[in-house]
Amino acid sequence: MKSTSGPDYEVIVIGAGVGGIYQIKRLSELGVRATVLESAPDLGGTWYWNRYPGARFDSESYTYGYSFSKELLSEWHWKERFSGQPENLRYLNYVADKFDLRKHMQFNCRVDEAHYDELENFWRLRISDGRELTCRFVIMTLGLLSSPTLPRLEGMSSFRGRSFHTYYWPHEPVELAGKKVAVIGTGATAIQVIAEIADKVGELTVFQRRPNWAAPLNNSAISDAEMAEIRARYDDIFATCARTPGGFEHEPDRRGFWEVPREERVALWDKLYDEPGFGIWLRNFREIFTDEKANAEFSEYIANRIRQRVKDPVTAEKLIPRDHGFGVQRVPLETRYYEAFNRDNVRLVDISETPLVRVTETGLQTTAGHHEFDIIVYATGFDAITGAFDHIDIRGVGGESLREKWKDGPSTFLGMMVHGFPNLLMPAGPQSGSASTNYPRGIETGVNWCTAFLEYMWDRGFTRAEATAEAEERWTAHVVQMYSMMLMRKAKSWFTGYNSNVPGHEHGRVRYFVYNGGAPKYVSRINDVAAKGYEGISLSTGQTPPVGSAPRMHSLAG
Ligand code: NAP
């Protein structure tokens, strides 16, 4: 165990994705002794890992990028309205290089343990390379969809072809021409990958357990002139994102669903179906999310669109969800996904009728027969929201385990702090505003709040911060109450903690993972807490003085 002369860092940030990059930018500006630990060989988080064909934003690129620097906004040219993974990763690298952030990042550093040391009032982190690092504050920017999960099928390691989860799609090109390829899953990832590879493979077989509602992305290139127009509008764009529930430019139609004649409703949907992005979900009537009858009418509209696009009526019916309505799960956006099923080399296997039994040396066995493959792609999703936290042995006061505390679902204060885990911050944690909105908009909100909070502490000489049990209870009750109004609480999706591949998460026990109140309400709540001197957080000077008398004056290391 290390000596008690003080921690190695004032702040350690875990994760160098969109959140970690911005967090270290803010800390570096303040001159705080801080470092970022990242398990991957390089920065980028989601956009470092997900290299599967078709991976791209479904947020408008210019609402996804960081808003914090006018200079950056004026320099970066988004080439497509919904930019693809290679460009997105280039962007994050550009940001890191522009602000000289890479020197504060350590790669190939997986954090296995984070233990709060009560006596010293600092965190001890055990790193996969054998080191122990200590810090006063630990900031977790782990990503909400960063812990991929595989089916629990017999024989998976016996397959002699190539197989991978989409998250771990190989970095070198994968030869697809002439190959027999299986894709398991029909979530947002699968829907992108299937549409992209259908005309590049020999044969494609899609194994679908439950269909998802999807609608067209309607992507297009952004010309120089359009980019100039977007740049001129940036202030307005971000102001709109800040006032909409989802953090997008899309604003809900505030007319009452039942007050608008049916023909007008359909006219709106016809228009939205052809527009880019999430408009079909977020510019729609608000009752879509709360009123079963309204939702059913709109779902039938989308079902008919699927019937129009898929030639074989049996396949079309199989692609239409029956167990949930449109928009109560996260809506995947697609580019010619449904048309892929009109191709002779693509077929759909409904594994709700004939389940997968095992993986064999040469393919997949269902209850109906055996399918031979060269490549199996697992597009089977994530142990969402809390999965990445569960991978670290996080222990707070009295050795309490966070994994244990959250085993039936997270409880937090503002989605950013946890009672019993002092000095641990999560700018975009479970139950924060980030998870259910345009991620980077929520991330910037969270990072700014956490940074202001740390400044508040440093300015006043506080060294220990812990959310009170009552504040956490109140926030979690508020999060639960927000779910009660939403149809999504009934859906079997990662929004409610469902994942058949994670023990204990199979049977749809609702986990209150995300804040459903929308971005403006979230921001107003967290700002209110700050304005009241961080009400709900107990602040003290801890047992030891701050690291150095003026932590902001320390030079950066790492
Ligand atoms: P997902 O939505 O959880 O979908 C996983 C799919 O795999 C589902 O169809 C699921 O079927 C199926 N599956 C899982 N385990 C299975 C098993 N053992 N046997 C058979 N099928 C199985 O995961 P995802 O598609 O990776 O998307 C997750 C989230 O990532 C999205 O909702 C979105 O927020 C984000 N995402 C964003 C983008 C973007 O921004 N452009 C792109 C992709 C993903 P069931 O439905 O029956 O469980």
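Note that the structure is a prediction, hence the values are computed from the model and not measured. Residue positions are given per chain, counted from 1 along the sequence in the order it is written. Note on the predicted model: pLDDT of at least 70 is required for a residue's local features to be given, and 80 or more for side-chain atom pairs to be given and counted; whole-chain, interface and lining totals, by contrast, use all residues. Side-chain numbers here rest on the full set of heavy atoms in the structure, without hydrogens or water.

### Considering the environment of D112
Here a strand is any run of E in DSSP of at least two residues, a helix any run of H or I of at least four, and the numbering for each starts at the N terminus. Among the secondary structure elements, D112 is positioned in strand β4 (residues 111-117). When the C-alpha atoms of D112 and P173 are compared, they prove to be 31 Å apart, with 61 residues separating the residues in sequence. Those residues in contact with D112 that lie beyond four places of it in its chain are R126, I127, S128, H391, I392 and D393. Contacts are assigned to residue pairs with any non-hydrogen atoms lying within 4.5 Å of each other.

### Section: the pairing of strand β15 (residues 369-372)
Along any regular strand, the residues point their side chains to alternate faces of the sheet. Of the pairings in the sheet, the one linking strand β14 (residues 363-366) to β15 comprises four bridges and is antiparallel in character. For L364, the partnering residue across the bridge sits in β15 and is H371. Between β14 and β15, which pair antiparallel one after the other, the connecting turn spans two residues. We call two strands paired when DSSP finds no fewer than two bridges between them.

### Thoughts on the layout of surface pockets
Here the second largest pocket defines a volume of roughly 300 Å³. Breaking the lining of the second largest pocket down by element, the ones donating at least two residues are α7 (224-243), α15 (439-460) and α17 (519-531). In terms of residue count, the dominant contributor to the lining of the second largest pocket is α15 (six residues). When residues are sorted by character, Ala, Val, Leu, Ile, Met, Phe, Trp, Tyr, Cys and Pro go into the nonpolar class, Asp, Glu, Lys and Arg into the charged class, and all the rest, Gly among them, into the polar class. When grouped by side-chain class, the residues that make up the lining of the second largest pocket number eight nonpolar, nine polar and two charged. Of the two site types, the cavity is a set of points on a 1 Å grid over the protein atoms alone where a 1.4 Å probe fits but cannot get out, and the pocket is an open set with protein on both sides within 12 Å along at least five of seven lines, each lined by residues with an atom within 4 Å of a point. Grid points are joined across faces, edges and corners, and a volume is the space filled by probe spheres set on the points.

### Details of the side chain of Q192
Of note, Q192 is situated in helix α6 (residues 188-197). Note on Q192: relative accessible area 12%, which makes it buried. By the criterion applied in these results, polar contacts are pairs of N or O atoms within 3.5 Å in which, for protein atoms, one can donate a hydrogen and the other can accept it, and in which residues neighboring in sequence qualify only through two side-chain atoms. In this structure the side chain of Q192 is engaged in a polar contact, spanning 2.6 Å, whose partner is the side chain of Y52. Those residues in contact with Q192 that sit more than four places away from it in its chain are Y52, P53, G54, A55, R56 and L333. Partly exposed describes any residue whose relative accessible area lies between the buried limit of under 20% and the exposed limit of over 50%, with all areas from a 1.4 Å probe on protein chains only and scaled to the type maximum.

### Some points on the sheet that holds strand β9 (residues 203-208)
Strand order in the open sheet formed by five strands is β7-β16-β8-β9-β12, and the pairing between neighbours is parallel. In the strand order of this sheet, the two ends are held by β7 (162-165) and β12 (346-350), each with one partner. Strand-to-strand twist across the sheet, computed as the mean angle between neighbouring axes with direction ignored, equals 15°. Direction of pairing for β7 relative to strand β16 (residues 375-378): parallel, over a ladder of four bridges. Paired with R162 across the bridge in β16 is I375. Against the sheet, α6 makes contact with β8 (180-184) and β9, and its axis sits at roughly 160° relative to β8, the strand it touches most. Angular values range over 0 to 180 degrees, each being the angle between N-to-C directions of two axes fitted as lines to C-alpha atoms, with helices fitted over their stretch in contact.

### Topic: the environment of H371
Mapped onto the secondary structure, H371 falls in strand β15. For H371, a relative accessible area of 12% corresponds to the buried category. Sequence spacing of H371 and A182 is 189 residues, and the spatial spacing of their C-alpha atoms is 8.9 Å. Residue contacts for H371: discarding those within four places in its chain leaves F207, R347, V349, T362, G363, L364 and T366. Engagement of the side chain of H371 in a polar contact is seen with the side chain of R347, the distance being 3.3 Å.

### Comments concerning the side chain of T380
By secondary structure assignment, the location of T380 is in the loop between β16 and α13 (387-390). For T380, a relative accessible area of 18% corresponds to the buried category. Of the polar contacts made by the side chain of T380, one reaches the backbone oxygen of T149; its length is 2.7 Å. Leaving out residues up to four positions away in the same chain, T380 has contacts with T149, L150, P151, H165, I184 and N501.

### What about the environment of T244?
Note that T244 resides in the loop between α7 and α8 (262-273). Between the alpha carbons of T244 and L282 there is a distance of 9.3 Å; along the sequence they are 38 residues apart. For T244, the contacting residues outside a window of four places in its chain are H250, E251, A519 and P520. A distance of 2.6 Å separates the side chain of T244 from the backbone oxygen of F248, its partner in a polar contact.

### Remarks on the domain arrangement of the protein
Just so you know, the domain bounds were taken from an automatic or database domain assignment. For the protein, the assigned domains are domain 1 (9-147 + 384-540) and domain 2 (180-226 + 251-378). Centre-to-centre separation of domain 1 and domain 2, based on C-alpha positions: 30 Å. Taken together, the 27 residues of domain 1 in the interface contact 28 residues of domain 2. Summed over both partners, buried area is the accessible surface (1.4 Å probe) that two parts give up on being assembled. In total, about 2300 Å² of surface goes out of reach between domain 1 and domain 2, with carbon and sulfur atoms giving 56% of it. Each salt bridge in this description consists of a side-chain nitrogen of Lys or Arg and a carboxyl oxygen of Asp or Glu lying within 4 Å of one another. Where domain 1 packs against domain 2, one counts one salt bridge.

### What to know about the pattern of salt bridges
Applying the stated criterion across every chain, the model contains 46 salt bridges. The partner of K271 in a salt bridge is E275, and the shortest N-O contact between them spans 3.1 Å. Take K271: its relative accessible area is 47%, and that puts it in the partly exposed class. E275 gets classed as partly exposed once you look at its relative accessible area, which sits at 22%. One network of salt bridges, in which partners are shared, links D117, R124, R126 and E132.

### Some words on helix α5 (residues 85-98)
Note: α-helices contain 3.6 residues per turn, so residues at a spacing of three or four share the same orientation. In this model, α5 (14 residues) spans 20 Å end to end at C-alpha, consistent with the 20 Å of a helix rising 1.5 Å per residue. Looking one or two residues past α5, D100 carries a phi angle of roughly 55°, positive in sign. For a helix, the expected span equals 1.5 Å multiplied by the number of residues minus one.

### Quick notes on empty space enclosed by the protein
Considering all chains together, one arrives at one cavity of 30 Å³ or more under this definition. Every residue along the wall of the largest cavity is listed here: S61, Y62, G65, Y66, L72, L73, W76, W78, Y91 and Y234. If you list the elements that add at least two residues to the lining of the largest cavity, you get α3 (61-64) and α4 (70-75). When its residues are assigned to classes, the lining of the largest cavity shows eight nonpolar, two polar and no charged.

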